[in-house]
Amino acid sequence: MNAPSHGVPSGSRPSVREARHWLDPAVVARLAHLDVRARLVVEGFIAGMHRSPFHGFSVEFAEHRPYMPGDPLKNLDWKVLAKSDRYLVKQYTEETNLRAHLLVDLSGSMGFRSERASLSKLEYARSLAAALAYLMIGQQDAVGALMFAETPLQYVPSRSVRSHLDVVLKCLSAGEPAGRTRLAPVLHELAERIKRRGLVVLLSDLLDKPADVLSGLQHFRHRRHEVIVFHILDPDEIEFPYTDASTFVDLETGAQLTTEPWEIAARYRQQLESWRDQYARACREQRVDYVPLDTRTPFDRALLAYLEKRATLL
Amino acid sequence: MNFLNPLFLFGLGAAAIPVLIHLFTRRKPREVRFPSLDFISEVNQSEIRRLRLKQLLLLLLRTLAVALLAMAMARPSLQGGSRGGSAASTLVALVDVSGSMGAPDAEGRPLTATARRVVESLLATLGPADELLLVPYDRTPRPLSETPIADAVRLRAASQTLTPSAAATDHATALSVAARALTGSRALNRELFWVSDFQRTGFVGAPATSGSELDVPPGPWGTSRVYLVPLTPRSRANAALTNATLAPAADLGTAPALEVGAVSYDATSGSTAQDFALEARELASGAGDAAPGANGATGAASPNLSLGRGFVSLASRGEGRALLPLSRLPEAGGEVLLPDDALALDNRRVFTSGRSGTLRVILREDGTSSPLRLALDAGSPASGLTVRALDAAQLAAGVGDADLVVIGDVERLGPAELQAVLDFHRAGGGLLLVPGGRADLMAWNELLGTLKTATMAAEDSAPAGAAWRLLRAVAGHAILDGFPARPGEPLTQARFTRVPVVRAAAGSRVLLRYDERHAALVEGDRVLLLATPLDAARSDFAISGAFLPLVHQAARVLARGTAAPSLYPGDTWSAPASATWRIEDEAGREVALSVETGRGAARAVSAPLDRTGLYRAFADGRLRTSFAVNPDPREGDLAPLPEASLISAFPNGRARLVRVGDDLAARIRQARFGRELWPEFVIAALLLLVAESVIARWGMAGLAGTPRKTG
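Predicted model only: the values in this text are computed from it and were never measured. (Residues numbered from 1 in each chain as written. Chains lettered and ligands numbered in written order. Predicted model: local features only at pLDDT ≥ 70, side-chain atom pairs only at ≥ 80, totals over all residues.)

Student: Sorry, what's going on with the overall build of chain A here?
Tutor: What chain A contains, in helices and strands, is eleven helices and ten strands. In chain A, the proportion of contacts linking residues at least 24 apart, taken out of those at least 6 apart, comes to 74%. (Helix = DSSP H or I, 4+ residues; strand = E, 2+ residues; numbered from the N terminus. Contact = placed C-beta atoms within 7 Å.)

Student: Teacher, can you tell me more about the interface of chain B and chain A here?
Tutor: When the parts come together, some accessible area is lost, and that loss is often what is quoted as the size of the interface. Facing the 29 residues of chain B at the interface are 33 residues of chain A. Put simply, the parts of the chain that give the side of chain B that touches chain A at least two residues each are strand E2 (30-34) and helix H2 (38-73) of chain B. Element by element, the count of residues in the side of chain B that touches chain A is highest for H2 of chain B, at eight residues. Across the side of chain B that touches chain A, the residue classes break down as 13 nonpolar, eight polar and eight charged. (Nonpolar A, V, L, I, M, F, W, Y, C, P; charged D, E, K, R; others polar.)

Student: Even after reading the chapter, I still don't get the sheet that holds E2 of chain B, so can you show me in this structure?
Tutor: Neighbouring strands of a sheet are bound in pairs by backbone hydrogen bonds; such pairs are parallel or else antiparallel. Taken in spatial order, the three strands of this open sheet run E9(A)-E8(A)-E2(B), and their pairing is mixed. Both edges of this open sheet fall to strand E9 (256-259) of chain A together with E2 of chain B, since each of them pairs with a single strand only. Looking at each pair of strands side by side, their axes are set apart by 25° on average, direction ignored. With four bridges connecting them, strand E8 (residues 246-250) of chain A and E9 of chain A associate as antiparallel partners. (Pairing = 2+ DSSP bridges. Axes fitted to C-alpha atoms, helices over the stretch in contact; angles between N-to-C directions.)

Student: Please explain the confidence of the model for chain A as it appears in this structure.
Tutor: Predicted coordinates in regions of low pLDDT should not be interpreted in detail. All names here are of chain A. The share of residues in chain A with pLDDT of 70 or more is 77%, and the mean pLDDT across the chain is 80. Within the model, the stretch residues 1-13 combines pLDDT values under 50 with 15 contacts to residues more than four positions away or in other chains. Across residues 50-59, confidence stays below pLDDT 50; counting only partners more than four residues off in sequence or on other chains, it has 15 contacts. (pLDDT = per-residue confidence, 0-100.)

Student: Is there a simple way to think about the confidence of the model for chain B in this case?
Tutor: Residues and elements named next belong to chain B. Per-residue confidence for chain B gives a mean pLDDT of 82; residues scoring 70 or more make up 89%. Put simply, strand E1 (residues 2-3) is where chain B has its lowest mean pLDDT, 72, and strand E5 (residues 131-137) is where it has its highest, 93. Per-residue pLDDT stays below 50 along residues 80-87; that stretch engages in 16 contacts with residues further than four places along the chain or on separate chains. Here residues 700-711 is modelled with pLDDT under 50, and outside its nearest four sequence neighbours on either side it reaches 21 contacts, counting other chains as well. For this predicted complex, the interface score ipTM comes out at 0.75, alongside a pTM of 0.56.

Student: Which parts of the structure should I look at to understand the sheet that holds strand E29 (residues 601-606) of chain B?
Tutor: All names here are of chain B. Overall, antiparallel pairing links the three strands, which are arranged E25-E29-E28 in an open sheet. Every interior strand has two partners, whereas the edge strands, strand E25 (574-576) and strand E28 (593-598), have only one. Strand-to-strand twist across the sheet, computed as the mean angle between neighbouring axes with direction ignored, equals 30°. Relative to E29, E28 runs antiparallel, the two sharing six bridges. What sits directly across from Gly598, in E29, is Ala601.

Student: Quick question: what am I supposed to make of the nonpolar core here?
Tutor: Grouped burial of nonpolar side chains is what soluble globular proteins tend to show. Residue and element names in this part refer to chain B. One finds Ala93, Leu94, Val135, Val195 and Leu258 to be the most contacted residues of the largest nonpolar core, which totals 98 residues. In this structure, Leu94 is in contact with Val135, Tyr137, Ala174, Leu175, Ala178, Leu192, Trp194 and Val195, ignoring residues within four places of it in sequence. With 68 residues, the next largest nonpolar core counts Val361, Ala420, Leu432 and Leu451 among its residues. (Core = buried A, V, L, I, M, F, W, Y, C linked by C-beta atoms within 7 Å. Buried ≥ 20, exposed ≤ 12 C-beta atoms within 10 Å, placed from the backbone.)

Student: Where do I start with the environment of Gln274 of chain B in this structure?
Tutor: With respect to the helices, strands and loops of the structure, Gln274 of chain B is situated in strand E10 (residues 274-282). It is 8.0 Å that separates the C-alpha atoms of Gln274 of chain B and Ser316 of chain B, two residues lying 42 residues apart in sequence.

Student: Would you explain the pairing of strand E17 (residues 404-407) of chain B in this entry?
Tutor: A regular strand carries its side chains on alternate faces of the sheet. Residue and element names in this part refer to chain B. Going residue by residue along E17, you find Leu404 and Val406 tucked away on one face and Val405 and Ile407 tucked away on the opposite face as well. Relative to E17, strand E15 (residues 359-364) runs parallel, the two sharing four bridges. Within E17, the residue paired with Val361 across the bridge is Leu404. Across four bridges, E17 lies against strand E18 (residues 430-433) in parallel orientation. Bridge assignment links Val406 to a residue of E18, and that residue is Leu432. Regarding topology, helix H8 (residues 415-426) serves as the crossover connection from E17 to the parallel E18, and that connection is right-handed. (Right-handed = clockwise from strand over helix to strand, strands pointing away.)

Student: Any chance you could explain unusual backbone geometry here in plain terms?
Tutor: It is generally the case that most residues other than glycine have a negative phi and that most peptide bonds are trans. The phi angle at Arg224 of chain A is positive, at roughly 65°, despite the residue not being glycine. Notably, Asp620 of chain B is not glycine yet its phi reads approximately 50°, a positive angle. The topology assignment puts Asp620 of chain B in the loop between strand E30 (613-619) and strand E31 (622-629). Owing to 11 C-beta atoms within 10 Å, Asp620 of chain B belongs among the exposed residues under this scheme.

Student: Is there a simple way to think about the packing of helix H7 (residues 183-193) of chain A against helix H8 (residues 210-222) of chain A in this case?
Tutor: Angle between the axes and distance between the axes are the two parameters that describe a pair of packed helices. All names here are of chain A. Two elements in contact, H7 and H8, have axes whose closest approach is 8 Å; the angle formed by their N-to-C orientations is 10°. With respect to H8, the element H7 is oriented roughly parallel. Mapping the contact onto sequence places Leu183, Ala184, Leu187, His188 and Ala191 in H7 and Asp212, Val213, Ser215, Gly216, Leu217, His219 and Phe220 in H8. (Parallel < 35°, antiparallel > 145°, perpendicular 65-115°, else oblique.)

Student: Where do I start with helix H5 (residues 171-183) of chain B in this structure?
Tutor: Structurally, the α-helix is built with 3.6 residues per turn, so residues lying three or four positions apart point the same way. Residues and elements named next belong to chain B. Compared with the 18 Å implied by 1.5 Å per residue over 13 residues, the 18 Å span of H5 between its first and last C-alpha is a close match. Those residues of H5 not exposed but buried are His171, Ala174, Leu175, Val177, Ala178, Ala181 and Leu182. Viewed along the axis of H5, the buried residues span an arc of 155°, placing them on a single side of the element. At its buried positions, H5 is contacted by strand E4 (89-96), E5 and strand E6 (189-196). (Expected span 1.5 Å × (residues − 1). Arc of directions from axis to C-beta.)

Student: Would you take a moment to explain the pairing of strand E5 (residues 152-159) of chain A for this structure?
Tutor: Residues and elements named next belong to chain A. Here five bridges tie strand E4 (residues 142-148) to E5, and the two strands are oriented antiparallel to one another. Residue pairing in the sheet places Phe148 in a bridge with Pro152 of E5. Hairpin connection of E4 to E5: three residues between the antiparallel strands.

Student: Would you explain helix H9 (residues 441-451) of chain B in this entry?
Tutor: All names here are of chain B. Among the residues of H9, those classed as buried are Trp444, Leu447, Leu448 and Leu451. The arc enclosing the buried residues of H9, seen along the axis, measures out at 95°, which places them on a common side. Turned more than 90 degrees off the buried face of H9, the exposed positions are Met442, Gly449 and Thr450. Against H8, strand E19 (454-461) and strand E24 (527-530) lie the buried residues of H9. The first or second residue beyond H9 is Lys452, which carries a positive phi of 55°.

Put into structure tokens, the structure is as follows:
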């Protein structure tokens, strides 16, 4: 992968602060290529892991390496230290026993980006999906991808080889936002197609009937899949900060509605909050991880959610 | 509701501004691409009706607020009104300047001084198109002009001359003048300002209790506003002298004495009688009978002119009499004094004495004294009458010096004497004609016909055992003061068995009668015919108690116009114009005289006598007579009419009280234009704007703290 020219580290290892810089969507938005975004996001994420309560993600010993300040002491090989008086850290190799499927919504509504956001919802979803793919491949998990709108548009089966990452990223990069959001048929179809139990990661604005969406998620759960839902919304969708009389045009249907936004803003926010609460509650009941995000949310929150989920699976 | 600045009502057009802004400044909605309209349309469906209602409400509030502000600038007011902003007002200011208004107020100044201030305040409220009729009044209204005027300078100058007179109060007459002035006004605002102490005795037939109604003269009271400005004296405890006359025995060799009458109006607390000191003093006679002017009589009594001291006992409210012994009989007249109290005016009473102080009565009579002469002469000179009995030969020469000629026997007068009597009458002299029982009807009818008084016929006799009584025929005549007041009542218990048939001529009136056919006392033009037989064969009237006072009062009224021993302030004095008269008051100031002719005679009539005291009248340069002018004792009763009675005398809501110290101008403005409502309108407009802000903000409450996107 080629690093872009604008401040992207290429050779030397970045500092923790510099690495975490790449978790900010506003910064990532300046990167053109998805693979670069994925790499930098993940590196930034991993660079900060030593300060997090997360305890690692590998279980099989691979090799020793010299202890570096900041490494957890629990990884220090005490036996070697006792025998040879050398500080070596144990490194592990992950078992390849997780199949992940990244489901990215490519409907028209995902193309929305407000003035306050750096990324559209789709761009955010793509970046996050790419980072997850990068992270998963790095852990030798099998990763697949599905781009869908009203129907499945492009599907890449899950594989764990490193070369598969390019395929996945290519899949994630393809397509423009169009069409209406029809989550339920897609989820049901995919649930039927994936035979082996794994992890399903849905990245969508969920602008469909909640009952249908939840039915699709329930299907995955029925097939004993673990599911993470990244509910991605734009800040303006959440806060609805419009003041002047406006004609709103639906990105999916083209329908128009003229109204005084500031008059209905309060009720709108109530409705939206209720809608998100409905998803959150239903997902909790179905033991689905529901992660509400807006396109300004740093990526590490989503990545951390993934790792926590993975930890429960292993 | 009216508007004092109606031009500002054009500002109501500004109320359309919010509507115009709403209609013409609506910006085209900008297009916003949004992920999904599901939530927006769902919320909009439920909110759109409320939003439209709210927008209409906001528009209404804004329009109303602007309209109210425009109306506030037009100065809305309740009642009254001034279409065009300068409608004329006609004001009548009745200002009581009667004697009681000389009582000091709480600050020690006369009430008229306070009245002046009130009038000045009133003048300050006059607009350029307003007019005012200033009517000072006591017993007589004296309007400054015939109709209301707008000459502020003249009005102000006249207001400065408001001083208390000595006269009594007649509110009703003054109110009639005000009613006429207001009736004649075509102004939009007609207002009466009545500044007075509202003395109860100034109202004829004033109600005794506050709940009773007071009759006011008819007037445009229903369309006028009446402001009552009551002035209150410092104290109403007052004692007044009501009488001071020489006792009848004064000339009979005994010590002279003065009969003094006094009345107390709440002069002391409780009912216990209290003695009030009296002092009698002689008034300097000045020039005596000498020519007037040079010597100038002065009214000031020096200490060595003291005639005596005494006391009169008065209860809290009540009358008292005292006989005050005098060290000597004053030459021209004197005065009695009471100590100072609430009203100084009535603490002095003047009396006349001496020759000049009496009325000169010529009695044409021959022979021994008749009952008529005895009656006329009784108590003289204390009675105020000096009687000279003349025979026919002396009559022509003596009649020129007489105030009154009494004739009992016309039939004995020769043509020259009769002519002298008629000349005396034509010159304004009074005649008292008393035909006896044996009167020559032809001679009498000739004289009575000439005087156009009555005709006489042969006497009638009462049936055996029956008799006529002397009955009153009219009410309220000065000659009959003190007698039973109602017409038809017998004047005396005297019986008349034979009376002449007397019929009053046209233009004469019957004051006393025996029955419808037989008149007893007929009043003609300066002529009184007393057709009462005085001999014992025909009646016992001559020895009845009514005869003497009736004859005395008839003589006084004929000679002076009143039966009272003194005149009241405001009265006029008159005398036959046969001489050149000059009248001086107590201080030597000349009183204007005019000659009035009418009904075949000419009389010199003085101007109203404004001051109390002793007046002297000179005929052809020689002191002819003197007379006293004393205040009406009723003026000393300072009790006011209850305010409730005053207010209720006018149509409901038209009369209002204004206290001294109130902001008269503000009260007038409020009543004339009503209470101004612009503060309420401004407050209402501000409240509407606040409500508008709250309602408008209410729809944005959820946005607090969040960034806004502007167009």
